[in-house]
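Residue strings, one per chain:
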Amino acid sequence: MGKINVTMLRYLSKEDFRVLTAVEMGMKNHELVPGSLVGSIASLRHGGAHKILRELCKHRLLTYERGRHYDGYRLTNLGYDYLALKALTSRGVVSSFGNQIGVGKESNIYVVGNEDGEPLCLKLHRLGRTCFRRLREKRDYHAHRNAASWIYLSRISATKEFAYMKALYDRGFPVPTPIDFNRHCVIMKLVDGSPLCQINEVDDVEWLYDELMNLIVKLGSYGVIHGDFNEFNLMLTDDGKPVVIDFPQMVSTNHANAEMFFMRDVNCIRDFFRRRFGYESEFHPTFKDITRESALDVEVSASGFTKQMEKDLLVGIGVQSEEESDGEEADIDSEEPVSESIEIEELRKHVNQIIIEDEDKTRKGTSQAVSSSSTAPP
Ligand code: ADP
Ligand code: MG
(Lines give C-alpha, C1' and ligand atoms only; values in the text may rest on other atoms or scores of the structure.)
(Ligands and ions follow the chains in the order given, each with its own letter.)
Protein backbone atom coordinates (compact mmCIF):
# COMPACT_ATOMS: atom_id res chain seq x y z
CA MET A 1 0.00 0.00 0.00
CA GLY A 2 1.72 3.12 -1.16
CA LYS A 3 1.10 6.75 -1.59
CA ILE A 4 -1.66 8.04 -3.75
CA ASN A 5 -0.29 8.85 -7.18
CA VAL A 6 -0.65 12.59 -7.52
CA THR A 7 2.66 13.43 -9.14
CA MET A 8 0.98 14.90 -12.21
CA LEU A 9 -1.69 16.84 -10.39
CA ARG A 10 0.13 20.12 -10.19
CA TYR A 11 1.59 19.98 -13.69
CA LEU A 12 -1.72 19.67 -15.45
CA SER A 13 -2.92 22.91 -17.01
CA LYS A 14 -6.44 24.34 -17.09
CA GLU A 15 -6.76 23.11 -20.65
CA ASP A 16 -5.70 19.61 -19.67
CA PHE A 17 -8.44 19.54 -17.06
CA ARG A 18 -10.92 20.94 -19.51
CA VAL A 19 -10.23 18.11 -21.91
CA LEU A 20 -10.33 15.53 -19.10
CA THR A 21 -13.67 16.93 -17.95
CA ALA A 22 -14.93 16.81 -21.54
CA VAL A 23 -14.14 13.08 -21.67
CA GLU A 24 -15.91 12.62 -18.34
CA MET A 25 -18.99 14.33 -19.78
CA GLY A 26 -18.78 12.42 -23.06
CA MET A 27 -18.83 9.17 -21.10
CA LYS A 28 -22.34 9.94 -19.95
CA ASN A 29 -23.50 8.72 -23.35
CA HIS A 30 -20.53 6.93 -24.87
CA GLU A 31 -18.55 3.96 -23.77
CA LEU A 32 -15.67 5.34 -25.85
CA VAL A 33 -15.66 9.05 -26.58
CA PRO A 34 -14.46 9.94 -30.08
CA GLY A 35 -11.67 12.50 -30.18
CA SER A 36 -13.70 14.86 -32.36
CA LEU A 37 -16.52 14.83 -29.80
CA VAL A 38 -14.07 15.61 -26.99
CA GLY A 39 -12.81 18.53 -29.07
CA SER A 40 -16.33 19.87 -29.58
CA ILE A 41 -17.28 19.54 -25.93
CA ALA A 42 -14.04 21.03 -24.62
CA SER A 43 -14.14 23.82 -27.25
CA LEU A 44 -10.65 25.06 -26.46
CA ARG A 45 -10.04 28.58 -27.62
CA HIS A 46 -7.09 27.58 -29.77
CA GLY A 47 -7.99 23.99 -30.53
CA GLY A 48 -5.39 21.33 -29.96
CA ALA A 49 -7.50 18.85 -28.02
CA HIS A 50 -5.87 15.95 -29.83
CA LYS A 51 -2.41 16.79 -28.58
CA ILE A 52 -3.72 17.08 -25.03
CA LEU A 53 -5.61 13.80 -25.38
CA ARG A 54 -2.38 12.07 -26.34
CA GLU A 55 -0.60 13.54 -23.32
CA LEU A 56 -3.39 12.49 -20.98
CA CYS A 57 -3.13 8.96 -22.36
CA LYS A 58 0.60 8.98 -21.79
CA HIS A 59 -0.01 9.79 -18.14
CA ARG A 60 -2.69 7.08 -17.92
CA LEU A 61 -5.51 9.45 -17.10
CA LEU A 62 -7.20 8.24 -20.29
CA THR A 63 -6.93 5.22 -22.51
CA TYR A 64 -7.51 5.10 -26.23
CA GLU A 65 -9.37 1.99 -27.28
CA ARG A 66 -10.74 0.33 -30.35
CA GLY A 67 -14.43 -0.36 -29.98
CA ARG A 68 -16.75 -2.50 -32.03
CA HIS A 69 -18.20 0.47 -33.86
CA TYR A 70 -15.69 3.24 -33.42
CA ASP A 71 -12.53 4.16 -31.52
CA GLY A 72 -12.33 6.61 -28.71
CA TYR A 73 -11.14 7.67 -25.31
CA ARG A 74 -12.08 6.31 -21.93
CA LEU A 75 -11.49 7.88 -18.57
CA THR A 76 -9.35 5.68 -16.28
CA ASN A 77 -9.75 5.33 -12.52
CA LEU A 78 -6.70 7.54 -12.17
CA GLY A 79 -8.21 10.17 -14.48
CA TYR A 80 -11.38 10.23 -12.42
CA ASP A 81 -9.33 10.43 -9.20
CA TYR A 82 -7.48 13.44 -10.61
CA LEU A 83 -10.69 15.28 -11.46
CA ALA A 84 -11.99 14.85 -7.93
CA LEU A 85 -8.69 15.58 -6.20
CA LYS A 86 -8.21 18.67 -8.33
CA ALA A 87 -11.62 19.94 -7.22
CA LEU A 88 -10.90 19.19 -3.57
CA THR A 89 -7.49 20.88 -3.67
CA SER A 90 -8.94 23.92 -5.48
CA ARG A 91 -11.43 24.29 -2.67
CA GLY A 92 -8.64 24.13 -0.16
CA VAL A 93 -10.12 21.07 1.53
CA VAL A 94 -7.06 18.96 0.77
CA SER A 95 -3.52 20.20 0.33
CA SER A 96 -1.26 17.21 0.79
CA PHE A 97 -1.41 13.49 0.12
CA GLY A 98 -0.21 10.70 2.35
CA ASN A 99 -0.28 6.96 2.59
CA GLN A 100 -2.96 4.43 1.94
CA ILE A 101 -4.34 3.12 5.22
CA GLY A 102 -6.98 0.73 4.03
CA VAL A 103 -8.38 -1.25 1.18
CA GLY A 104 -12.03 -1.93 1.73
CA LYS A 105 -14.32 -4.08 -0.36
CA GLU A 106 -15.20 -1.19 -2.57
CA SER A 107 -12.84 1.60 -1.72
CA ASN A 108 -9.31 2.81 -1.19
CA ILE A 109 -8.60 4.81 1.94
CA TYR A 110 -5.81 7.37 2.28
CA VAL A 111 -4.57 9.91 4.75
CA VAL A 112 -4.50 13.41 3.32
CA GLY A 113 -3.68 16.75 4.91
CA ASN A 114 -5.64 19.98 4.97
CA GLU A 115 -4.12 23.45 4.72
CA ASP A 116 -3.32 23.50 8.44
CA GLY A 117 -1.50 20.21 8.13
CA GLU A 118 -4.18 18.28 10.01
CA PRO A 119 -4.57 14.71 8.82
CA LEU A 120 -7.90 13.77 7.24
CA CYS A 121 -9.30 10.59 5.76
CA LEU A 122 -9.94 10.30 2.01
CA LYS A 123 -12.19 7.50 0.82
CA LEU A 124 -12.17 6.78 -2.91
CA HIS A 125 -15.24 4.79 -3.87
CA ARG A 126 -14.65 2.16 -6.54
CA LEU A 127 -17.74 0.45 -7.80
CA GLY A 128 -19.43 -1.14 -10.66
CA ARG A 129 -17.08 -2.58 -13.22
CA THR A 130 -18.68 -6.01 -12.99
CA CYS A 131 -22.17 -5.58 -11.62
CA PHE A 132 -23.31 -3.35 -14.40
CA ARG A 133 -22.11 -5.60 -17.18
CA ARG A 134 -24.76 -8.02 -16.02
CA LEU A 135 -27.26 -5.22 -15.92
CA ARG A 136 -26.34 -4.04 -19.37
CA GLU A 137 -26.83 -7.43 -20.92
CA LYS A 138 -30.33 -7.56 -19.58
CA ARG A 139 -31.38 -4.10 -20.56
CA ASP A 140 -30.29 -3.04 -23.97
CA TYR A 141 -32.29 0.11 -23.90
CA HIS A 142 -30.32 1.19 -20.88
CA ALA A 143 -27.00 0.59 -22.54
CA HIS A 144 -26.16 4.23 -23.09
CA ARG A 145 -26.99 5.09 -19.50
CA ASN A 146 -24.67 2.42 -18.25
CA ALA A 147 -21.77 3.18 -20.53
CA ALA A 148 -20.02 4.99 -17.71
CA SER A 149 -21.71 3.07 -14.95
CA TRP A 150 -18.60 2.73 -12.81
CA ILE A 151 -18.33 6.51 -12.80
CA TYR A 152 -22.01 6.92 -11.98
CA LEU A 153 -22.06 4.20 -9.31
CA SER A 154 -18.88 5.38 -7.61
CA ARG A 155 -20.18 8.91 -7.61
CA ILE A 156 -23.60 8.11 -6.16
CA SER A 157 -21.98 5.82 -3.60
CA ALA A 158 -19.85 8.71 -2.33
CA THR A 159 -22.82 11.08 -2.52
CA LYS A 160 -24.89 8.73 -0.41
CA GLU A 161 -22.11 8.12 2.07
CA PHE A 162 -21.55 11.82 2.60
CA ALA A 163 -25.28 12.59 2.88
CA TYR A 164 -25.84 9.90 5.53
CA MET A 165 -22.65 10.63 7.42
CA LYS A 166 -23.66 14.26 7.64
CA ALA A 167 -27.25 13.54 8.62
CA LEU A 168 -26.12 11.08 11.30
CA TYR A 169 -23.39 13.38 12.53
CA ASP A 170 -25.84 16.27 12.84
CA ARG A 171 -28.06 14.06 14.98
CA GLY A 172 -25.30 13.12 17.35
CA PHE A 173 -24.51 9.63 16.10
CA PRO A 174 -20.91 8.45 16.60
CA VAL A 175 -19.69 8.68 13.00
CA PRO A 176 -16.59 10.37 11.56
CA THR A 177 -16.92 14.14 11.13
CA PRO A 178 -17.84 14.65 7.47
CA ILE A 179 -15.82 17.36 5.73
CA ASP A 180 -16.63 17.39 2.01
CA PHE A 181 -17.06 15.23 -1.06
CA ASN A 182 -16.57 15.45 -4.79
CA ARG A 183 -17.45 12.87 -7.41
CA HIS A 184 -16.38 9.50 -5.90
CA CYS A 185 -14.28 10.98 -3.06
CA VAL A 186 -15.39 11.53 0.51
CA ILE A 187 -13.29 13.54 2.97
CA MET A 188 -13.88 12.98 6.66
CA LYS A 189 -11.94 13.29 9.88
CA LEU A 190 -9.65 10.44 10.78
CA VAL A 191 -10.91 8.32 13.62
CA ASP A 192 -8.25 7.95 16.31
CA GLY A 193 -8.55 4.28 16.93
CA SER A 194 -8.69 0.89 15.25
CA PRO A 195 -11.29 -1.19 13.48
CA LEU A 196 -13.05 -3.50 15.93
CA CYS A 197 -11.79 -6.50 13.94
CA GLN A 198 -8.29 -5.75 15.22
CA ILE A 199 -9.32 -5.52 18.88
CA ASN A 200 -8.83 -8.58 21.06
CA GLU A 201 -9.64 -7.14 24.44
CA VAL A 202 -11.96 -4.47 25.74
CA ASP A 203 -12.43 -3.05 29.22
CA ASP A 204 -16.15 -3.64 29.46
CA VAL A 205 -17.49 -6.15 26.95
CA GLU A 206 -21.06 -5.94 28.21
CA TRP A 207 -21.11 -2.16 27.94
CA LEU A 208 -19.79 -2.26 24.37
CA TYR A 209 -22.31 -4.92 23.35
CA ASP A 210 -25.19 -2.88 24.75
CA GLU A 211 -23.85 0.28 23.17
CA LEU A 212 -23.71 -1.35 19.71
CA MET A 213 -27.17 -2.91 20.02
CA ASN A 214 -28.56 0.44 21.15
CA LEU A 215 -26.97 2.03 18.10
CA ILE A 216 -28.67 -0.44 15.76
CA VAL A 217 -32.03 0.31 17.40
CA LYS A 218 -31.43 4.05 17.42
CA LEU A 219 -30.58 3.98 13.70
CA GLY A 220 -33.82 2.08 13.21
CA SER A 221 -35.78 4.69 15.08
CA TYR A 222 -34.42 7.22 12.58
CA GLY A 223 -35.74 5.01 9.79
CA VAL A 224 -32.48 3.44 8.65
CA ILE A 225 -30.53 0.20 8.86
CA HIS A 226 -26.77 0.23 8.40
CA GLY A 227 -26.80 -3.03 6.45
CA ASP A 228 -23.16 -3.95 7.06
CA PHE A 229 -22.87 -3.42 10.80
CA ASN A 230 -19.90 -5.59 11.66
CA GLU A 231 -16.39 -5.53 13.15
CA PHE A 232 -14.94 -4.16 9.88
CA ASN A 233 -17.23 -1.14 9.80
CA LEU A 234 -17.01 -0.28 13.47
CA MET A 235 -14.02 1.44 14.92
CA LEU A 236 -13.08 1.74 18.54
CA THR A 237 -11.54 5.06 19.55
CA ASP A 238 -8.51 5.12 21.77
CA ASP A 239 -10.81 5.89 24.70
CA GLY A 240 -12.96 2.87 23.95
CA LYS A 241 -15.99 4.38 22.20
CA PRO A 242 -17.46 2.87 19.04
CA VAL A 243 -17.61 4.84 15.78
CA VAL A 244 -19.68 3.62 12.83
CA ILE A 245 -18.28 3.95 9.30
CA ASP A 246 -19.13 2.85 5.74
CA PHE A 247 -22.64 3.90 4.66
CA PRO A 248 -23.24 3.22 0.94
CA GLN A 249 -25.38 0.13 1.62
CA MET A 250 -27.69 1.71 4.22
CA VAL A 251 -31.35 0.88 3.64
CA SER A 252 -34.62 2.30 4.84
CA THR A 253 -36.66 0.52 7.50
CA ASN A 254 -39.38 0.63 4.83
CA HIS A 255 -37.37 -1.61 2.52
CA ALA A 256 -39.15 -4.86 1.67
CA ASN A 257 -36.37 -6.85 3.38
CA ALA A 258 -35.80 -4.41 6.23
CA GLU A 259 -36.36 -6.92 8.98
CA MET A 260 -33.87 -9.34 7.44
CA PHE A 261 -31.24 -6.58 7.13
CA PHE A 262 -31.91 -5.47 10.69
CA MET A 263 -31.54 -8.96 12.14
CA ARG A 264 -28.45 -9.60 10.07
CA ASP A 265 -26.80 -6.53 11.65
CA VAL A 266 -27.84 -7.72 15.11
CA ASN A 267 -26.56 -11.23 14.47
CA CYS A 268 -23.22 -10.00 13.11
CA ILE A 269 -22.57 -8.36 16.46
CA ARG A 270 -23.80 -11.35 18.47
CA ASP A 271 -21.59 -13.73 16.46
CA PHE A 272 -18.57 -11.47 16.74
CA PHE A 273 -18.91 -11.07 20.51
CA ARG A 274 -19.31 -14.80 20.94
CA ARG A 275 -16.30 -15.59 18.74
CA ARG A 276 -13.97 -12.86 19.87
CA PHE A 277 -14.80 -12.26 23.50
CA GLY A 278 -16.68 -15.43 24.42
CA TYR A 279 -19.57 -13.17 25.35
CA GLU A 280 -23.23 -14.08 25.02
CA SER A 281 -26.17 -12.06 26.20
CA GLU A 282 -29.75 -13.20 26.66
CA PHE A 283 -30.79 -9.86 25.26
CA HIS A 284 -30.72 -8.70 21.71
CA PRO A 285 -33.03 -6.33 19.91
CA THR A 286 -35.62 -7.33 17.34
CA PHE A 287 -37.23 -5.33 14.57
CA LYS A 288 -40.22 -4.65 16.83
CA ASP A 289 -38.03 -2.71 19.25
CA ILE A 290 -37.80 0.14 16.78
CA THR A 291 -39.89 3.13 17.69
CA ARG A 292 -39.98 5.24 14.60
CA GLU A 293 -39.07 8.83 15.46
CA SER A 294 -38.07 10.36 12.17
CA ALA A 295 -37.25 9.40 8.62
CA LEU A 296 -33.63 10.07 7.84
CA ASP A 297 -33.95 8.30 4.50
CA VAL A 298 -36.64 10.75 3.42
CA GLU A 299 -34.64 13.76 4.61
CA VAL A 300 -31.53 12.55 2.82
CA SER A 301 -33.39 12.03 -0.44
CA ALA A 302 -34.71 15.57 -0.15
CA SER A 303 -31.17 16.87 0.18
CA GLY A 304 -30.06 15.66 -3.25
CA PHE A 305 -29.55 11.93 -3.01
CA THR A 306 -32.61 11.02 -5.04
CA LYS A 307 -34.79 7.91 -4.99
CA GLN A 308 -33.53 6.94 -8.44
CA MET A 309 -29.90 7.20 -7.30
CA GLU A 310 -30.79 5.07 -4.28
CA LYS A 311 -32.30 2.36 -6.47
CA ASP A 312 -29.45 2.37 -8.96
CA LEU A 313 -26.94 2.13 -6.13
CA LEU A 314 -28.66 -0.69 -4.27
CA VAL A 315 -28.95 -2.69 -7.49
CA GLY A 316 -25.35 -1.83 -8.38
CA ILE A 317 -23.96 -3.11 -5.10
CA GLY A 318 -26.28 -6.09 -5.09
CA VAL A 319 -28.37 -5.19 -2.05
CA GLN A 320 -31.50 -5.15 -4.14
CA SER A 321 -32.48 -7.13 -7.19
CA GLU A 322 -33.57 -5.43 -10.37
CA GLU A 323 -36.99 -6.98 -10.04
CA GLU A 324 -37.58 -5.24 -6.73
CA SER A 325 -36.25 -1.99 -8.07
CA ASP A 326 -38.49 -1.97 -11.13
CA GLY A 327 -41.69 0.00 -11.23
CA GLU A 328 -40.55 3.52 -11.94
CA GLU A 329 -38.90 2.78 -15.23
CA ALA A 330 -41.33 4.77 -17.30
CA ASP A 331 -39.59 8.10 -16.92
CA ILE A 332 -36.30 6.59 -18.07
CA ASP A 333 -37.83 4.86 -21.05
CA SER A 334 -39.61 7.91 -22.27
CA GLU A 335 -36.39 9.90 -22.53
CA GLU A 336 -36.08 11.14 -26.09
CA PRO A 337 -32.87 10.22 -27.85
CA VAL A 338 -30.92 13.45 -28.10
CA SER A 339 -29.51 14.73 -31.37
CA GLU A 340 -25.76 15.09 -31.56
CA SER A 341 -25.73 18.87 -31.77
CA ILE A 342 -28.01 19.26 -28.76
CA GLU A 343 -25.87 16.74 -26.93
CA ILE A 344 -22.66 18.65 -27.61
CA GLU A 345 -24.28 21.92 -26.59
CA GLU A 346 -25.55 20.37 -23.34
CA LEU A 347 -22.25 18.74 -22.51
CA ARG A 348 -20.34 21.91 -23.27
CA LYS A 349 -22.53 23.74 -20.77
CA HIS A 350 -21.93 21.01 -18.22
CA VAL A 351 -18.20 21.20 -18.69
CA ASN A 352 -18.31 24.95 -18.13
CA GLN A 353 -20.44 24.54 -15.05
CA ILE A 354 -18.28 21.77 -13.63
CA ILE A 355 -15.08 23.69 -14.25
CA ILE A 356 -16.56 26.64 -12.38
CA GLU A 357 -17.65 24.39 -9.52
CA ASP A 358 -14.33 22.57 -9.38
CA GLU A 359 -12.44 25.83 -9.15
CA ASP A 360 -14.77 27.49 -6.71
CA LYS A 361 -12.84 27.85 -3.50
CA THR A 362 -15.92 28.33 -1.36
CA ARG A 363 -18.11 25.44 -2.46
CA LYS A 364 -18.51 22.64 0.02
CA GLY A 365 -20.14 19.24 -0.29
CA THR A 366 -23.49 20.07 1.23
CA SER A 367 -24.61 22.34 -1.57
CA GLN A 368 -22.97 20.18 -4.16
CA ALA A 369 -25.26 17.26 -3.40
CA VAL A 370 -28.10 19.16 -4.98
CA SER A 371 -26.23 20.35 -8.04
CA SER A 372 -24.79 16.97 -8.95
CA SER A 373 -28.22 15.39 -8.85
CA SER A 374 -29.54 17.92 -11.31
CA THR A 375 -27.18 16.62 -13.96
CA ALA A 376 -28.60 13.45 -15.45
CA PRO A 377 -26.89 10.19 -14.54
CA PRO A 378 -25.08 8.45 -17.39
P1 ADP B 1 -15.31 -0.14 2.42
O2 ADP B 1 -16.62 0.42 1.98
O3 ADP B 1 -14.44 -0.35 1.23
O4 ADP B 1 -15.45 -1.32 3.30
P5 ADP B 1 -14.72 1.48 4.77
O6 ADP B 1 -15.42 2.78 4.85
O7 ADP B 1 -15.29 0.36 5.58
O8 ADP B 1 -14.57 1.04 3.24
O9 ADP B 1 -13.21 1.71 5.17
C10 ADP B 1 -12.23 0.68 5.05
C11 ADP B 1 -11.21 0.76 6.18
O12 ADP B 1 -10.55 2.03 6.18
C13 ADP B 1 -11.84 0.67 7.57
O14 ADP B 1 -11.96 -0.66 7.99
C15 ADP B 1 -10.88 1.45 8.43
O16 ADP B 1 -9.79 0.65 8.82
C17 ADP B 1 -10.36 2.53 7.50
N18 ADP B 1 -11.12 3.79 7.68
C19 ADP B 1 -12.24 4.17 7.03
N20 ADP B 1 -12.67 5.39 7.44
C21 ADP B 1 -11.79 5.80 8.39
C22 ADP B 1 -11.68 6.99 9.20
N23 ADP B 1 -12.56 8.00 9.10
N24 ADP B 1 -10.64 7.06 10.06
C25 ADP B 1 -9.74 6.05 10.15
N26 ADP B 1 -9.79 4.93 9.41
C27 ADP B 1 -10.79 4.78 8.53
MG1 MG C 1 -16.21 -1.41 5.15
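Residues numbered from 1 in each chain as written. Chains lettered and ligands numbered in written order. Predicted model: local features only at pLDDT ≥ 70, side-chain atom pairs only at ≥ 80, totals over all residues. Heavy atoms only, no water.

The name an unreviewed UniProt entry assigns to the protein is Serine/threonine-protein kinase RIO2, from the organism Thrips palmi. The UniProt entry for the protein carries this comment under Subcellular location (unreviewed entry): "Cytoplasm". Recorded in UniProt for the protein, the comment headed Cofactor (unreviewed entry) runs: "Mg(2+)". (UniProt positions renumbered as here; feature names shortened; annotations may be inferred.)

(A) Structural context of helix α4 (residues 77-90). In this model, α4 (14 residues) spans 20 Å end to end at C-alpha, consistent with the 20 Å of a helix rising 1.5 Å per residue. Burial analysis of α4 places 11 of its 14 residues in the buried class, which makes it a mostly covered element. Among the residues of α4, G79, Y80, D81, Y82, L83, A84, L85, K86, A87, L88 and S90 are the ones counted as buried. Phi for G92, located one or two positions after α4, is positive at around 80°. (Helix = DSSP H or I, 4+ residues; strand = E, 2+ residues; numbered from the N terminus. Expected span 1.5 Å × (residues − 1). Buried < 20%, exposed > 50% of the residue type's maximum accessible area, 1.4 Å probe, protein only.)

(B) Spatial organisation of the coordination of the magnesium ion (ligand 2). Protein ligation of the magnesium ion (ligand 2) involves N233 (OD1) and D246 (OD), the donor distances falling in the range 2.1 Å. Placement of N233 in the loop between β9 (224-225) and β10 (234-237) and of D246 in the loop between β11 (242-244) and β12 (251-252) is noted, with a sequence separation of 13 residues between them. For N233, a relative accessible area of 7% gives the class buried. The class for D246 is buried, based on a relative accessible area of 17%. (Donors = N, O, S within 2.8 Å, 3.2 Å for Na, K, Ca; no water.)

(C) The site of ligand 1, seen in detail. Neighbouring ligand 1 are 19 residues, the closest being S107, K123, V191, N233 and D246. The contact in question runs from an oxygen atom of ligand 1 to an N or O atom on the backbone of E106, over 3.2 Å. Take K123: an N or O atom from its side chain is 2.7 Å from an oxygen atom of ligand 1. Here ligand 1, which alone exposes 550 Å², has 89% of that area covered by the protein. When each cavity is represented as a set of grid points, ligand 1 is found to reside in the largest pocket. At the level of secondary structure, the elements contributing two or more residues to the shell around ligand 1 comprise β4 (107-113), β5 (119-125) and β7 (185-189). (Near = heavy atom within 4 Å. Polar contact = N/O pair within 3.5 Å; in protein donor to acceptor, adjacent residues only side chain to side chain. Areas by Shrake-Rupley, 256 points an atom, 1.4 Å probe, with all protein chains shown as cover. 1 Å grid on protein atoms, 1.4 Å probe; cavity = no way out; pocket = protein on both sides within 12 Å on 5 of 7 lines; lining within 4 Å. Sits in = over half its atoms within 2 Å of the grid points.)

(D) Broad picture of the packing of helix α1 (residues 14-26) against α4. In contact at an axis separation of 10 Å, α1 and α4 are set at 120° when each is read in the N-to-C sense. Accordingly, the angle class assigned to the pair α1 and α4 is oblique. Our pair here, α1 against α4, has a crossing hand that is left-handed. Touching F17, L20, T21 and E24 of α1 are G79, Y80, Y82, L83 and K86, all from α4. Taken together, the residues of the contact of α1 with α4 sort by class into five nonpolar, two polar and two charged. (Axes fitted to C-alpha atoms, helices over the stretch in contact; angles between N-to-C directions. Parallel < 35°, antiparallel > 145°, perpendicular 65-115°, else oblique. Left-handed = near helix turned anticlockwise from the far one by under 90°. Contact = heavy atoms within 4.5 Å. Nonpolar A, V, L, I, M, F, W, Y, C, P; charged D, E, K, R; others polar.)

(E) How the structure looks around a negative patch on the surface. A cluster of like negative charges, contributed by E201, D203, D204, E206 and D210, occupies part of the molecular surface. As for its position among the elements, E206 is in helix α8 (residues 205-221). Classification of E206 by relative accessible area gives partly exposed; the value is 46%. (Patch = residues over 30% accessible without salt bridge, like charges linked within 9 Å, V, L, I, M, F, W, Y side chains within 5 Å. Salt bridge = Lys/Arg side-chain N within 4 Å of Asp/Glu carboxyl O. Lys, Arg positive; Asp, Glu negative; His and termini not counted. Charge placed at Lys NZ, Arg CZ, Asp CG, Glu CD.)

(F) Summary view of the pairing of strand β2 (residues 71-75). Taking burial as the measure, the five residues of β2 include four buried ones, the bulk of the element. Where strand β1 (residues 62-66) meets β2, five bridges bridge the pair, whose relative direction is antiparallel. Its bridge partner lying in β2, R66 is registered against D71. Where β1 hands over to β2, the hairpin turn is made up of four residues, counted between the paired strands. (Pairing = 2+ DSSP bridges.)

(G) Quick peek at the pairing of β4. Of all seven residues in β4, six are buried; the element is thus mostly enclosed. Relative to β4, strand β3 (residues 96-103) is paired through five bridges, and the arrangement is antiparallel. When the sheet's bridge partners are listed, F97 is paired in β4 with V112. In this structure, the hairpin formed by β3 and β4 is closed by a connection of three residues. Examined bridge by bridge, β4 and β5 share seven bridges and lie antiparallel to one another. Directly across from I109, in β5, lies its bridge partner K123. In sequence, β4 turns back onto β5 through a hairpin of five residues, with G117 there showing a positive phi of about 80°.

(H) Geometry of unusual backbone geometry. Despite not being glycine, S43 shows a phi value in the positive range, around 35°. Along the polypeptide, S43 turns up in the loop between α2 (35-42) and α3 (49-58). Despite not being glycine, R60 shows a phi value in the positive range, around 65°. Tracing the backbone through its elements, the reader meets R60 in the loop between α3 and β1. Judged by relative accessible area, R60 falls into the exposed class, the value being 63%.

(I) Structural detail: the sheet that holds β11. Taking strand neighbours across the sheet as the criterion, the three strands line up as β8-β10-β11 in an open arrangement whose pairing is antiparallel. If you trace the sheet from one side to the other, it starts and ends with β8 (193-195) and β11, each paired once. Strand-to-strand twist across the sheet, computed as the mean angle between neighbouring axes with direction ignored, equals 30°. One ladder, built from three bridges, connects β8 with β10; its direction is antiparallel.

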